[in-house]
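Coordinates in review
Residue-level listing of the chains:
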Amino acid sequence: QVQLVESGGGLVQAGGSLRLSCAASGRTFSRGAMGWFRQAPGKEREFVAGISRRIGMTYYSDSVKGRFTISGDNALSALYLQMNSLKPEDTAVYYCAARNFTVVVPTQPSGYNYWGQGTQVTVSS
C-alpha cells in the first residue's frame, strides 16, 4: 500500500522560510514524477512544483518561481519543498503527490495517482 506523508508545515511571518517534507512508503517513483500542490480555502487545488528523475527536470508555477525549490532523493522516495520569502498569499494546505511511470511532470491534479493528507502552511502579514 502506497502512502505519502507530509510534514513541516506551520505558522511563519511574511518573508520567512519553511521546509516541507514528504515521505513515500510502499514504492518509489524513480520512473515517475512527484509534485507539490496547494489549496487555499474556496480555491481549486493548484500546482506548485514538480520533479522527475526520469527526465531530469523540475517545474515551478510562476507564483513561486525563484522563491521555492523542489528536491528529492535519487529514488524519489522522499520529496522536499524549500519555501523562502513567504507571502501571505502562500497560505494554503500543501499536498504531496506522486505518479508512477510517466515521462512528463504533470501540472494538473488528475495527473497524479497518489496523494498525501496535506500540511497547513500559514503566512502572517
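We now turn to the structure provided with this report. (Residues numbered from 1 in each chain as written. Predicted model: local features only at pLDDT ≥ 70, side-chain atom pairs only at ≥ 80, totals over all residues. Heavy atoms only, no water.)

**Observations concerning the environment of S17**
- Relative to the helices and strands, S17 is located in the loop between β2 (10-13) and β3 (18-25).
- Classification of S17 as partly exposed rests on a relative accessible area of 40%.
- Put simply, S17 and S63 are 46 residues apart on the chain and 16 Å apart in space, counted from C-alpha to C-alpha.
- The contacts of S17, once residues within four sequence positions are left out, are V12, Q82, M83, N84, S85 and L86.
- A polar atom in the side chain of S17 sits 2.9 Å from the side chain of N84. (Helix = DSSP H or I, 4+ residues; strand = E, 2+ residues; numbered from the N terminus. Buried < 20%, exposed > 50% of the residue type's maximum accessible area, 1.4 Å probe, protein only. Contact = heavy atoms within 4.5 Å. Polar contact = N/O pair within 3.5 Å; in protein donor to acceptor, adjacent residues only side chain to side chain.)

**Considering a nonpolar patch on the surface**
- A cluster of nonpolar side chains, namely I55, M57, Y59, V103 and V104, defines an oily patch on the protein surface of about 400 Å² accessible area.
- Tracing the backbone shows V104 in the loop between β9 (92-99) and β10 (114-115).
- Residue class for V104 comes out partly exposed when judged on its relative accessible area of 46%. (Patch = residues over 30% accessible without salt bridge, like charges linked within 9 Å, V, L, I, M, F, W, Y side chains within 5 Å. Areas by Shrake-Rupley, 256 points an atom, 1.4 Å probe, with all protein chains shown as cover. Salt bridge = Lys/Arg side-chain N within 4 Å of Asp/Glu carboxyl O.)

**Comments concerning the nonpolar core**
- Counting residues in each nonpolar core, the largest one holds 27 residues, and the members touching the most others are M34, W36, L81, M83 and Y94.
- Those elements that place two or more of their residues in this core are β3, β4 (33-39), β5 (46-52), β7 (68-72), β8 (78-83), β9 and β11 (119-124).
- Judged by nonpolar contacts, the second largest core, of 5 residues, contains F37, A97, V105 and Y112. (Core = buried A, V, L, I, M, F, W, Y, C linked by side-chain atoms within 4.5 Å.)

The analysis is restricted to geometry; functional conclusions fall outside its scope.
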